[in-house]
Amino acid sequence: MNLFIMYMAGNTISIFPAMMVGMMGWRLLQALLSLSTTLKLLESSSARLLQGLVFLVGNGLGLALALYKCQAMGLLPTHASDWLALVAPPQDWTLSRHA
Amino acid sequence: MAAGLWALLLLVPLGAAVYEDQVGKFDWRQQYVGKLKFASLEAAQGSKKLLAATQQNVVAALSSRNGEILWRHVDKGTPEGAIDAMLVHGQDAITVSNAGRILRSWETNIGGLNWETSLDTGSFQTASLVGLQDTVKYVAVLKKAAISLHYLSNGHLKWVEHLPESESTRYQLLYSRGTGVIHVLGIVPQSHLNVLTFSVEDGEITEQTKVAAPWLKSLNGACSVVGEAVLVCADVDTHSLYVCSLETEQEMKQIPLQSLDLEFADGFQPRVLATQPNLINASRTQFFLQLSPTHFSLLQYKHGLLSHLRDFQQAALVSFATTGEKTVAAVLTCRSELKPVNSDDLYAGNALEDSQKQESLTCSNQTYNINLYLVETGQRLLDTTITFNLEHNGAKPEQLYIQVFLKKDDSVGYRALVQTEDHMLMFLQQPGKVLWSREESLAEVVSLEMVDLPLTGAQAELEGEFGKKAAIQDGLLGMFLKRLSSQLILLQAWTAHLWKMFYDARKPRSQIKNEINIDNLARDEFNLQKMMVMVTASGKLFGIESSSGTILWKQYLRNVRPGASFKLMVQRTTAHFPHPPQCTLLVKDKETKMSFLYVFNPIFGKRSQVAPPVLKRQILQTLLLPIMDQDYAKVLLLIDDEYKVTAFPATKNVLRQLEEIAHSIFFYLVDAEQGRLSGFRLKKDLTTEEIWEVFISPEVQKIVAVKGKRSNEHVHSQGRVMGDRSVLYKSLNPNLLAVVTESTDTHHERTFVGIYLIDGVTGRIIHSSVQKKAKGPVHMVHSENWVVYQYWNTKARRNEFTVLELYEGTEQYNATAFSSLDRPLLPQVLQQSYIFPSAISAMEATITERGITSRHLLIGLPSGAILSLPKALLDPRRPEIPTEQTREENLIPYSPDVQIHAERFINYNQTVSQIRGIYTAPSGLESTCLVVAYGLDIYQTRVYPSKQFDVLKDDYDYVLISSVLFGLVFATMITKRLAQVKLLNRAWR
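Not measured: the values here are computed from a predicted model. (Residues numbered from 1 in each chain as written. Chains lettered and ligands numbered in written order. Predicted model: local features only at pLDDT ≥ 70, side-chain atom pairs only at ≥ 80, totals over all residues. Heavy atoms only, no water.)

**Student:** Could you give me a rundown of the side chain of T536 of chain B, with the residues and numbers involved?
**Tutor:** All names here are of chain B. Within the secondary structure, T536 is located in strand 37 (residues 530–536). At a separation of 2.8 Å, a polar atom in the side chain of T536 contacts the main-chain carbonyl oxygen of K540. With residues up to four places along the chain from it excluded, the contact list for T536 reads S441, L442, E444, V445, V446, F542 and F566. (Helix = DSSP H or I, 4+ residues; strand = E, 2+ residues; numbered from the N terminus. Polar contact = N/O pair within 3.5 Å; in protein donor to acceptor, adjacent residues only side chain to side chain. Contact = heavy atoms within 4.5 Å.)

**Student:** Tell me about the state of the cysteines, and name the residues and values.
**Tutor:** All names here are of chain B. Inspection of the entire model under this criterion finds 1 disulfide over all chains. Here C223 pairs with C233 through a disulfide, and the sulfurs are 1.9 Å apart. Given an S-S torsion of about 110 degrees, the disulfide between C223 and C233 has right-handed geometry. With C223 in strand 18 (residues 223–226) and C233 in strand 19 (residues 230–235), this residue pair connects regions lying 10 residues apart in the sequence. Here the two residues C223 and C233 agree in accessibility, since each one is buried. (Disulfide = S-S within 2.5 Å. Buried < 20%, exposed > 50% of the residue type's maximum accessible area, 1.4 Å probe, protein only.)

**Student:** Go over helix 2 (residues 15–33) of chain A, please, and point to the residues and values.
**Tutor:** All names here are of chain A. Compared with the 27 Å implied by 1.5 Å per residue over 19 residues, the 26 Å span of helix 2 between its first and last C-alpha is a close match. Regarding helix 2, the residues found buried are P17, V21, M24, G25, L28 and A31. In an axial view of helix 2, the angular spread of the buried residues amounts to 125 degrees, which keeps them on one side of the axis. Exposed residues pointing more than 90 degrees away from the buried face of helix 2 are listed as I15, F16 and L33. Contacts made by the buried residues of helix 2 are with helix 1 (2–9), helix 3 (35–41) and helix 4 (48–73). (Expected span 1.5 Å × (residues − 1). Arc of directions from axis to C-beta.)

**Student:** Lay out the interface of chain A and chain B in plain terms, naming residues and giving numbers.
**Tutor:** Many analyses report the size of an interface as the accessible area lost when the parts associate. Contact residues are listed per partner, giving 21 residues for chain A and 39 residues for chain B. Surface buried jointly by chain A and chain B totals about 2,600 Å² across both partners, of which 56% is contributed by carbon and sulfur atoms. With a closest N to O distance of 3.0 Å, R725 of chain B and D82 of chain A form a salt bridge. Counting across the interface, chain A meets chain B through 2 residue pairs in polar contact (both at pLDDT 80 or more). Tallied by class, the residues present in the side of chain A that touches chain B amount to 11 nonpolar, 7 polar and 3 charged. Strand direction decides the pairing type here: strand 1 (residues 91–92) of chain A and strand 58 (residues 817–818) of chain B, joined by 2 bridges, are parallel. Opposite D92 of chain A, over in strand 58 of chain B, you have F818 of chain B as the bridge partner. (Buried area = accessible area lost by both parts, 1.4 Å probe. Salt bridge = Lys/Arg side-chain N within 4 Å of Asp/Glu carboxyl O. Nonpolar A, V, L, I, M, F, W, Y, C, P; charged D, E, K, R; others polar. Pairing = 2+ DSSP bridges.)

**Student:** Any chance you could break down the nonpolar core for me, citing the residues and the numbers?
**Tutor:** Residues and elements named next belong to chain B. L417, L442, M532, M534, V932 and I938 are the most contacted members of the largest nonpolar core, which has 34 residues in total. Looking at which domains feed residues into this core, each of domain 1 (314–338 + 363–443) and domain 3 (837–955) gives three or more. The residues touching I938, leaving out its near neighbours within four places in the chain, are W28, R29, Q30, Y32, L442, V445, M534, V932 and A933. Counting residues in each nonpolar core, the second largest holds 24 residues, with A321, L374, L381 and A416 among its members. (Core = buried A, V, L, I, M, F, W, Y, C linked by side-chain atoms within 4.5 Å. Domains from an automatic or database assignment.)

**Student:** Now, about the sheet that holds strand 7 (residues 92–97) of chain B: what can you tell me, with residues and values included?
**Tutor:** All names here are of chain B. With antiparallel pairing, 4 strands are arranged side by side in an open sheet as 6-7-8-9. Two strands bound the open sheet, and with one partner strand each, they are strand 6 (83–89) and strand 9 (113–118). On average, each strand axis in the sheet is tilted by 15 degrees relative to the strand beside it, whichever way the strands run. Taken together, the 6 bridges between strand 7 and strand 8 (residues 102–107) define a ladder with antiparallel strand orientation. Residue pairing for strand 8: S97 is matched across the bridge by I102. (Axes fitted to C-alpha atoms, helices over the stretch in contact; angles between N-to-C directions.)

Nothing here speaks to function; it is all geometry.
Here it is, written out as C-alpha cells:
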C-alpha cells in the first residue's frame, strides 16, 4: 500500500507528497523506536525471534522506501551543488590586486 | 513563442521602478553647467537671469536671485558641441557652435530655440552683431576665407562673401558701428594688415587698404577698436602703441609709452581691452591697456590724442559695463598688497612649485575689492566697493562680469559675477554679500570614492574604551568606572534619540528637517549613508554626504594644472578608531608626468599630518597592499620609471613586513604606446625584476583599456548549479586582467576589436579573441568570472554586447588555495553576443557586501537614463533550444536582442547629462548597492538587484499586523476567562 501511495504521489516537491513521505517515514521511525514494547507483546509467542526479525525488516524496508522516495524527490543533500553555499573561496597567496 | 513567454516571465519580477511617493526619497540629482566660457548679465536692476555658455557645451540661464538653473541646453560632450561664441541682444542669445558650423538663436526667457541654421565649413574666427541705422539687424560670422551675414530675426543668409588673399592673411577682427559698413581686419604676420570694408546692404567690398605693420604677429588680444573705428595695437618690442583710423588713415601712428610714463612688463604680451556698449554707435574712446598680469591702465584716445586717465597697479581683473549712458569700469584688486605665493602654502610636489611661482600671484590674505570707476574721467565712484574673501578655498578670481544699473537716485549700483580658478561662481552684491555661489567644478568629476562615516561619538567612546593604550594607563578599577560612564553616555544618547523620534512623529513629514553638518555626522544602522569623496578636474576635492548631497567640505589643490590625472585610494577606513581615516590622492601632471601625493582625512577634508614621500621620478603604477602598519594604514607601493618601489607609509614595521612577503608581490605595467604589457616581481631591497612581457604590436592594434577586478569584490558562490544538480565551478582568478585593443586600421571592412585575458602575475594569455568588423569606443566591465564589453559592429551597423564567462568545469583544481603559478588547466571560456539598441556612455556592475545578491549591469545611456540590466540576460549559457535541464536551471532561452525597458531605468525622469562614469559601492545591507552617476550632473541612488529581501517594505502594514496580534491576544484572554466562568458554573450545577 505504501508503495502504491508513494508511486501515486509522484516526484514533484509539493505539500501533499512531502507530507505523505514525511508521515510514512515518521510512522516507521516511531514503530522502530517502540521496538521494545512490540517485543514485550510478542513475549508469549513461540516464534518470538522470527516475528521480531520480520517486524524489524519490514519496518526497515519501509524506511528504505521513504529514503528512496526522498532521494527521488531530490530532498537528500547528496550532490556537490547542495554544499556549494558552504564552499569557501580559495586563498590567494600572491598580492597583485591593483588599487 | 517560447522565448517571448520566457521574456515575459522574466519581466514580471523585474519591474523595479520606483513608486510615486518614493521619488526623491533615496535619490538626488544636482545639475551643473560647467566652467564659464561666455556670460552675459542684463544691465537692469530687476533682471532675473544671467546667461552663460560653458566649456561643457551648455547654454543656460541662471537665476540671479538664487543661482538656480532656469533653463539649460546641453549639446554633445564632444568637440562637435563646443560653443565658439555667444552674443546677446535683447531677448535673443546667438550662439555659434561646432567649430562655426551651426548658428543658433535662443529665446532667453524660456530657453526656446528661435531658429537654427547651418553654416559652411571653414575655421571659425569671430562673430559679431551688426547694426544698421538704429537697430541691430544682422549677425556677421567671420571664417578663415569667408564672411557671412545673417538676419537676426530668422537666421536667413543675407549674403556671403569670400575674402581676398585668404591663404596668406589671417582675418581675425570684425567691427561695425551702425554706419552701413563692416570692417574686417586681417593680418599677414610681420608684414601688413589687410583692412576690408564691406557694405552691409549687398556685401560688396567698398574699400580695401593695406596698412604696414611689420611688428605685429597677431591681432587677438594685442589690438582692439576704440572710438570711431580707430584700431589700437600694443607692441612690446618698441614699447609703444600704434593707432590707425580704419576709415580715413592708411598708416599706423606710433605713440611711445614713455610719453605716458608707462612701461610693459618683461615677457608679457600686452593686451588692449575696449568696449562698445551699443552696437549701432561707436566704441568708447576709453580702453584698458594691460601692461603686466597685474597692472592695468585706463587710457583714452580722442581727437587724435592719447591721454592717460588712471593707473591700476595690482589689479587682478578688469571689466567694462554700461547702463543707459553711463559706462563704468570695474576693477578687482587685492585688499592688501599682492605678493608671490609663499612656497610653504603650496602642497607637496617640489617640481611643480618652481614652474608655477611665476604666475601664481595671489593675495596674501585672500581678500579682494571690486571698485567702479567712471570711464570718461577715471574717477572712482563712491560707495561702490564690494569686498569679499576667498580664504576658505585659496583660489584666485579668474573672470569678472558686472551687472550695473541706475538706482532711483541716479547713482550706479551693481552686482558682480566672479569665477575663481576652482570653477566656483559667486554672485556678489554691495557691500560684499554673497548672494549665491555654485560649485561648477562638480561638472567635471574625475574620480570618486565612498568612505564609511565614523561611528557616533558614543559608539566611538565605547570602541576606544578598550583600546590598547587605555588598558595600560588605567587599572582595573579605572576601567570599570570608564565602562560605567560610557554605558551612561549610551543611555543618555538613546533617550535623546527616543525623545527626538517621539517629537518628530507628531510633526508632519515635510517639516522634519534632518540637517546634516560635519558635527553630527554618524554612520546609520545599515551603513547606507556614506561620505562621497570627489576629485574634480580643476583640482578641487569635495566631501559630499551621500544621502542628501550636501557638500560638507571642499579643498582646492592650487598646484594642480589642467589635464592632470588623479588616482584616489583609501588607505585607512573609519574602522580603526581613534586613528582618523586616511585617503591618498596621487596627482600626475599631464606635461611633466611628475606626480605628488596629497594625504587627507576624507571625513573632515583636512590635510593629514602624515608627510607623504616626495616623488622625484614619474610614477607608473600603484599597488595598495592589504598589509597594514602599526597604525592600521594600508601600505601603498608606488613604482617609478626606474622600476624602483617607494612604500608609503615607510616605517620600519612596514619595511620588515614587506621584506617577508616581497616574494609574493607582483605588479604589471602597461605601455599603451609601445603595446607592451610587462609583469614585475618585488625583491627584498624594494627593487624589482621583470618576469614576463607581452607584446601587442602597436602597428596593428593599440591597447585602449586594461581592467582588473575590483579589490573589494566578494564572490559568495564558487560555482553554478546545473540542471542535473552538479556544479560548474567558476574560474575566479583575482589576478586576471582584461585587455581591450582596437585596430589601427579604421576601414569599416578591416577594423576589429581584440580582447585578451591575461594573468597579471604570470603573464599567461588565458584567452584571446578578435571581434571582426567591430569598432570602439569599447566599454567594459570585468567582475567575478565574467567580462562584458560593448562595441560598434560596422557590418551590421549596431551596438553589440559580448559576454565572456570563465569556468573551471565540474571539478575544482584546488579548492583551498589559489595560485596563478599553479594553474595547469586553462578555464573553459563561454561566449555570447547580443544586440543592444542604443549606444552607451558608461557601464558598471552593481556590488554588494557579501556578493550574494544577483548582479546587474548599470548602463548609462547617451539620453541620460541609467538602465539596470540583469546580468542573467547576458549569460553565455543561455540555450538556443531550451531543454528540461536548462529550464531547471532557470536559463532564459537565447534571443539576440536585449531590449531597453523604461521601467528598468533607475533614475526615472532624473536624466543625467553627459554621463562619464558610474560608481557603485556596497552598503551594510546585502540587498542594497549605492550608485553614483556623474557627468555634467551628479545623481545618487540605491539599487536592489534582488529586491529588498532583507528589509521590510516601505508600505509594510505595521498597524494591521500589530492590531491583529493584539486582538488575538486579547481574544485569548477573554475566552480563557469565559471558559473559566463556564467551568465554574458547571461545577456548581
